[in-house]
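Spelled out from the first residue to the last, the chains are:
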Amino acid sequence: MRTHRQNSFIKDPSLVLDLPLYLLDGSSIKDRSAYGHLGVVTGALWTLQGRSFDGVDDYVLIADTPSLNILVAITIEAWVKLSSVTTYDVIVAKTSAAAGGESYEIFSDSAAKALMFLNPSATFTTTNVFYTVENWIHTVWTFSDADNKLMVYKNNVLFQEWTTTEAMGSSAGNVGIGRRGDRGEHWFHGLIGEVRLYNRALTAQEIQRNYLATKWRYR
């Protein structure tokens, strides 16, 4: 039953990163997607529910590859538990070292709202409080330029939706978990259980399936 639960989320060719931070892989975490990316861990300590980030210098870094340079449609999914709310707490970010080098990035702000950078010029912020300190939250962002819809889900509920003419940006930067990819800033303080990236927008039904398949770990 345990193995069945772990493998019952959406796993298809559009899954380009599947990083189970709750597994004790050591100083590196192997991506369980077909691409087999390697997440190199700096600092973030292992726990049964994921890696613990101290908000100072802990992070996981995945080297840039074409499969992670997503340009048309995307789903970013993560289980997170903030220990505190600071100015910015990055969950996932593909950014280069230079300012303005963002491709995609999700994080929280000092008002506990959820934010996403879709490219260097486009920032989307929820109008209401999204994160609750010391509570596990399943956060999912989807975007597709086919319908210009950007959506953010919280615990299987559509939290907010935008219609935008923005397009996704390209970045040669690495993917960072717990901080920006190639810029050591905006450190996450808390636990991150698992992270998945898809190169398409999951449907509401697929998001529900992923949520129900994984929430047992974060009670």
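Here's a quick rundown of the structure.

**Notes on the overall build of the protein**
Point 1. The helix and strand inventory of the protein stands at 2 helices and 16 strands.
Point 2. Overall, the C-alpha framework of the protein stretches about 45 × 35 × 35 Å when taken along its three principal axes.
Point 3. Scored against the burial criterion, the 219 residues of the protein give a buried share of 54%.
Point 4. Summarising the internal contacts of the protein: among those between residues at least 6 apart in sequence, 62% fall at separations of at least 24.
Point 5. Here the protein has roughly 8,900 Å² of accessible surface; of this, 53% comes from carbon and sulfur atoms.

**A word on the nonpolar core**
Point 1. In terms of nonpolar packing, the biggest core is built from 42 residues, with I91, V92, Y104, M116, Y131, I177 and I192 touching the most fellow members.
Point 2. The element best represented in this core is strand β7 (residues 73–82), accounting for 5 residues.
Point 3. In this view, I177 contacts L19, L21, F53, Y59, V60, I62, I91, V92, I192 and V195; residues no more than four positions away in its chain are not counted.
Point 4. Counting 10 residues, the second largest nonpolar core, distinct from the first, contains F9, I10, L15 and M151.

**Comments concerning the packing of aromatic side chains**
Point 1. One pass over the structure, following the stated rule, counts 11 aromatic pairs.
Point 2. Geometrically, the ring pair formed by F53 and F188 is edge-to-face, given 6.1 Å between the ring centres and 90° between the ring planes. Of this pair, F53 sits in strand β5 (residues 50–54) while F188 sits in the loop between β15 (174–177) and β16 (189–198), and the two are 135 residues apart along the sequence. For the pair F53 and F188, one class covers both residues: buried.
Point 3. One aromatic cluster is present, formed by W79, W136, Y211 and Y218 through successive ring pairs.

The rules behind these values
Residues numbered from 1 in each chain as written. Predicted model: local features only at pLDDT ≥ 70, side-chain atom pairs only at ≥ 80, totals over all residues. Heavy atoms only, no water. Helix = DSSP H or I, 4+ residues; strand = E, 2+ residues; numbered from the N terminus. Buried < 20%, exposed > 50% of the residue type's maximum accessible area, 1.4 Å probe, protein only. Contact = heavy atoms within 4.5 Å. Areas by Shrake-Rupley, 256 points an atom, 1.4 Å probe, with all protein chains shown as cover. Core = buried A, V, L, I, M, F, W, Y, C linked by side-chain atoms within 4.5 Å. Phe/Tyr/Trp six-rings, centres within 6.5 Å; stacked < 30°, edge-to-face > 60°.

Keep in mind these values describe shape, not function.
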